[in-house]
Amino acid sequence: MLEEILYPPINPYNQFFLNVSDIHTINIEEYGNPDGSPVIFLHGGPGGGIEPIYAQYFNPEKWRIIIFDQRGCGKSTPHAELEENTTWDLVSDIEKIREELSIDTWVVFGGSWGSTLSLSYSITYPSRCKGLILRGIFLLRKKEIDWFYQEGASYIYPDAWEKYLEPIPVEEQNDLVAAYYKRLTSDNENIRVKAAKAWSIWEASTSKLYTSNKSLHHFGDPKIAEAFARIECHYFTNKGFFKSDSWLLENVNKIYHIPTVIVQGRYDVVCPMVSAWELHKCLPKANFHIIQDSGHSMTEPGIAECLLKYTDKFSSL
Ligand code: STX
C-alpha cells in the first residue's frame, strides 16, 4: 500500500561528512536531481537518524533532496554523543549545510522532532525558507513530554507502558524522564542498553494506528536505540534548550509569511493533535490537514498521501 504511494527507492548521488564542531562530524546525503528545487529533510527523535525511505517522499526529477544525520546519530560521529548537542547547534548545522552546498533558499520538511527543528530553524533564518512542510507537530512543551513519558499515553497503551516501566523501580516512577536519564547516561553498558531499548520500543509501539513489527525491530539494534533514547532524553531533560516553554508558539509570527502546510494524524498519540491545532491557530494562512485515520508515523497511508500531494505542489515554489 505504502509502496504504491511513495516514489521508488533511490540511492544518493552524493554523500559526504562535514565537520561542524571540535567533536562532531555529520553525515550528509543528496538524492534526486542536482538541478532540482532544494529541500532539506529534518528527521525525528532527536536522535532518529536517516532512514532510506525518506527520499521517497519527493519526486526525484523535480527535487534536490538533502538529508543528514543530526549530531550523534546515524552515520554522524561520535555516536550518541550529548556534548555540544543542542537545538541551536543543529540549527547552526543546517545553515552550514546550506552554505556548503551553495543553496540560497530551500524548502524545509520535518515531522515530529523534525517539525520542532524546522520551526526553530525557520524562526531563526526565515529568509532562507521558501516553504515549510510540517507533520506530526511537536513543540516540546512540558505538557507534551508529560503526556507521552509520564501520564496520558499510558492510558491508551497500558500494555506497551508496562514494558516502558520495567527498567525503572517503583520509587523512581514519579519522574520517569529523570529516572531514564540516569540510566541512559550510566557507565554500565547493560543498564544503558536496557533503558535505551525500553524507551525506544515504547515510542515505536505507539507510533501507528496499526503497529508493525518492522518498526519495533529497528530498535532491537542497541546502537540505534541508544542514540535515539539518549539524545531524546537529553533534549527533554533540557526542555529543548528553549528560553520558555512555549517559545516556538511565541515566535511563530516570524514565519507568518512562508507558505506552510501542517499535516496531522487525528489519532497521533506520540505528538497529540492539540499542538498542531495551536500552531495552526497561530499560523492562520497555513494549509492545515487532519488525517482522520492516522496516528503519528509518516508511513501511514493517509499521512504519506497528503505529504506527497504537498511535496509535488511545493516543488514549483
Ligand atoms: N519524538 C518524536 C519523534 O520525533 C518525541 C519520533 N518518533 N519516532 C521517530 O521520531 C522515528 C521515526 C525517528 C523513529
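Below you will find a few notes about this structure. Because the structure is predicted, anything quoted here is derived from the model rather than measured.

## Things to note about a nonpolar patch on the surface
Right, on to step 1. Taken together, the side chains of Leu209, Tyr210 and Tyr267 make up a nonpolar region of the molecular surface, amounting to roughly 380 Å² of accessible area.
Right, on to step 2. Among the secondary structure elements, Tyr267 is positioned in the loop between strand E7 (260–265) and helix H12 (274–282).

## Description of the environment of Glu144
Right, on to step 1. Looking at the element boundaries, Glu144 is found in helix H4 (residues 142–149).
Right, on to step 2. We classify Glu144 as buried; its relative accessible area is 5%.
Right, on to step 3. Separated by 2.7 Å, the side chain of Glu144 and the backbone nitrogen of Leu139 make a polar contact.
Right, on to step 4. In this structure the side chain of Glu144 is engaged in a polar contact, spanning 2.8 Å, whose partner is the side chain of Arg141.

## Overview of the site of the ligand
Right, on to step 1. In the vicinity of the ligand, 13 residues are found, and the nearest of them are Gly45, Ser112, Trp113, Glu203 and Glu232.
Right, on to step 2. A distance of 2.7 Å separates an oxygen atom of the ligand from a polar backbone atom of Gly45.
Right, on to step 3. Contacts to the ligand include Trp113, whose backbone N or O atom sits 2.9 Å from an oxygen atom.
Right, on to step 4. Protein coverage of the free-state accessible area of the ligand, which is 390 Å², stands at 86%.
Right, on to step 5. Looking at the shell around the ligand, the element that brings in the most residues is helix H10 (residues 222–237), giving 3 residues.
Right, on to step 6. Grouping the constituent residues of the shell around the ligand by class yields 6 nonpolar, 5 polar and 2 charged.

## With respect to the packing of helix H8 (residues 189–205) against H10
Right, on to step 1. It is at 8 Å that the axes of H8 and H10 come closest, and there the two elements cross at 80°. In terms of their interaxial angle, H8 and H10 are classed as roughly perpendicular. Facing H8, whose interface residues are Arg192, Val193, Ala196, Lys197, Trp199, Ser200 and Glu203, H10 presents Pro222, Ala225, Glu226, Phe228, Ala229, Arg230, Glu232, Cys233 and Phe236.
Right, on to step 2. Classifying every residue of the contact of H8 with H10 gives 9 nonpolar, 1 polar and 6 charged.

## As for the pattern of salt bridges
Right, on to step 1. Per the counting criterion, the structure on display carries 14 salt bridges.
Right, on to step 2. For Arg128, the salt bridge is made with Asp104, and the minimal N-O distance between the two is 2.9 Å. Pair noted here: Arg128 is in the loop between helix H3 (113–124) and strand E6 (129–135) and Asp104 is in the loop between helix H2 (87–100) and strand E5 (106–111), with a separation of 24 residues, a long-range link.
Right, on to step 3. Classification of Asp104 as exposed rests on a relative accessible area of 52%.
Right, on to step 4. Arg192 is the partner of Glu226 in a salt bridge, and the nearest nitrogen-oxygen pair spans 2.6 Å. Of this pair, Glu226 sits in helix H10 while Arg192 sits in helix H8, placing them 34 residues apart in sequence. Each of the two residues, Glu226 as well as Arg192, counts as buried.
Right, on to step 5. Here the salt bridges share partners, and the residues they tie into one network are Arg141, Lys143, Glu144 and Glu278.

What counts as what
- Residues numbered from 1 in each chain as written.
- Predicted model: local features only at pLDDT ≥ 70, side-chain atom pairs only at ≥ 80, totals over all residues.
- Heavy atoms only, no water.
- Patch = residues over 30% accessible without salt bridge, like charges linked within 9 Å, V, L, I, M, F, W, Y side chains within 5 Å.
- Areas by Shrake-Rupley, 256 points an atom, 1.4 Å probe, with all protein chains shown as cover.
- Salt bridge = Lys/Arg side-chain N within 4 Å of Asp/Glu carboxyl O.
- Helix = DSSP H or I, 4+ residues; strand = E, 2+ residues; numbered from the N terminus.
- Buried < 20%, exposed > 50% of the residue type's maximum accessible area, 1.4 Å probe, protein only.
- Polar contact = N/O pair within 3.5 Å; in protein donor to acceptor, adjacent residues only side chain to side chain.
- Near = heavy atom within 4 Å.
- Nonpolar A, V, L, I, M, F, W, Y, C, P; charged D, E, K, R; others polar.
- Axes fitted to C-alpha atoms, helices over the stretch in contact; angles between N-to-C directions.
- Parallel < 35°, antiparallel > 145°, perpendicular 65-115°, else oblique.
- Contact = heavy atoms within 4.5 Å.

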